[in-house]
Amino acid sequence: MPSKTAALQAWLERFGMPVYAAQAVPDGATLPYLTYEPVSAAFGDGAQPVLVEAWRRTESEARANADAEAIGRALGLGGVVLPCDGGALWLTRGAPLWQAADSGEPGVKRRYVNIDVEYVTDF
């Protein structure tokens, strides 16, 4: 079974773009890509917020929004369960699901996607 972080990373990779921990984006990484803030918890700790950011070079707000909406569709209304070492992760929609953010670079769009993760695992 994958580790907690590896299970989340593998799930994010299904969106067809590279995925990096936010603090580990390599120099020279090309857009589009996703970044996420890894967190960890265990059973009983409650849902933990995980911030996923979708980055894309585009002038199209619609294309940038579609990246965020794809994650929402994959989560559905009941979330998804990912097996991992020691149990599972239950991913559900955070609130708000997503929002636009300034990327700080002209022509680059960024969307924050909020995911809540319930760690149904031991330590």
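The coordinates are above.
What comes next concerns the included structure. Keep in mind it's a predicted model, so treat the numbers as computed, not measured.

About the thresholds
Residues numbered from 1 in each chain as written. Predicted model: local features only at pLDDT ≥ 70, side-chain atom pairs only at ≥ 80, totals over all residues. Heavy atoms only, no water. Helix = DSSP H or I, 4+ residues; strand = E, 2+ residues; numbered from the N terminus. Rg over C-alpha atoms; globule rule 2.2 N^0.38 Å. Buried < 20%, exposed > 50% of the residue type's maximum accessible area, 1.4 Å probe, protein only. Contact = heavy atoms within 4.5 Å. Areas by Shrake-Rupley, 256 points an atom, 1.4 Å probe, with all protein chains shown as cover. Lys, Arg positive; Asp, Glu negative; His and termini not counted. Charge placed at Lys NZ, Arg CZ, Asp CG, Glu CD. Salt bridge = Lys/Arg side-chain N within 4 Å of Asp/Glu carboxyl O. Patch = residues over 30% accessible without salt bridge, like charges linked within 9 Å, V, L, I, M, F, W, Y side chains within 5 Å. Phe/Tyr/Trp six-rings, centres within 6.5 Å; stacked < 30°, edge-to-face > 60°. Polar contact = N/O pair within 3.5 Å; in protein donor to acceptor, adjacent residues only side chain to side chain. Pairing = 2+ DSSP bridges. Axes fitted to C-alpha atoms, helices over the stretch in contact; angles between N-to-C directions. Core = buried A, V, L, I, M, F, W, Y, C linked by side-chain atoms within 4.5 Å.

Before going further, it helps to examine the overall build of the chain. Scanning the chain from terminus to terminus reveals two helices and six strands. Against the globule reference of 14 Å for 123 residues, the chain gives a C-alpha radius of gyration of 14 Å, in line with a compact fold. Dimensions of the chain, computed from the C-alpha atoms along their principal axes, are close to 45 × 30 × 20 Å. Looking at the chain as a whole, 41% of its 123 residues are labelled buried. Counting only contacts in the chain whose residues sit at least 6 apart along the sequence, the fraction spanning at least 24 positions is 59%. Accessible area of the chain: about 6300 Å², with a carbon and sulfur share of 54%. Computed over 10 positive and 15 negative side-chain charges, the separation of the two mean positions in the chain equals 8 Å.

The tally for this structure, following the rule as stated, stands at six salt bridges. Between Arg57 and Glu105 there is a salt bridge, with the nearest N and O atoms lying 2.9 Å from each other. Of this pair, Arg57 sits in strand S3 (residues 48–57) while Glu105 sits in the loop between strand S5 (87–102) and strand S6 (108–121), and the two are 48 residues apart along the sequence. Under the relative-accessibility criterion, Glu105 is labelled partly exposed at 40%.

With that out of the way, let us pick up a nonpolar patch on the surface. Taken together, the side chains of Phe43, Val81, Trp90 and Val120 define a hydrophobic patch exposed on the protein surface, amounting to about 430 Å² of accessible area. Along the chain, Val120 turns up in strand S6.

A separate point is the packing of aromatic side chains. Scanning the entire structure with this criterion turns up three aromatic pairs. Between Tyr33 and Trp55, the aromatic rings sit 6.4 Å apart at their centres with planes inclined by 35 degrees, giving tilted as the arrangement. Taken together, the positions of Tyr33 in strand S2 (residues 33–36) and Trp55 in strand S3 put the pair 22 residues apart, joining distant regions of the chain. Neither residue differs from the other here; Tyr33 and Trp55 are each classed as buried.

The next thing to look at is the environment of Lys4. Secondary-structure assignment places Lys4 in helix H1 (residues 4–12). Each C-alpha atom, one on Lys4 and one on Val39, is 9.0 Å from the other, the two residues being 35 residues apart in sequence. A polar side-chain atom of Lys4 sits 3.4 Å from a polar atom in the side chain of Thr121.

Here we have six strands laid out as an open sheet, ordered S1-S2-S3-S6-S5-S4, and mixed in their pairing. Looking at which strands have only one partner, the edges of the open sheet turn out to be strand S1 (19–21) and strand S4 (80–84). Across the sheet, the axes of successive neighbouring strands diverge by a mean angle of 30 degrees, strand direction being ignored. H1 contacts S1, S2, S3, S4, S5 and S6 of the sheet and is inclined by roughly 135 degrees relative to S4.

In this section: the nonpolar core. Grouped burial of nonpolar side chains is what soluble globular proteins tend to show. By size, the foremost hydrophobic cluster in this structure holds 26 residues, and its most contacted members are Trp11 and Leu91. Secondary-structure elements contributing two or more residues to this core are H1, S2, S3, helix H2 (61–75), S4, S5 and S6. Ignoring anything within four residues of it in the chain, the contact list for Trp11 reads Ile71, Ala74, Leu75, Val80, Leu82, Leu91 and Ile115.

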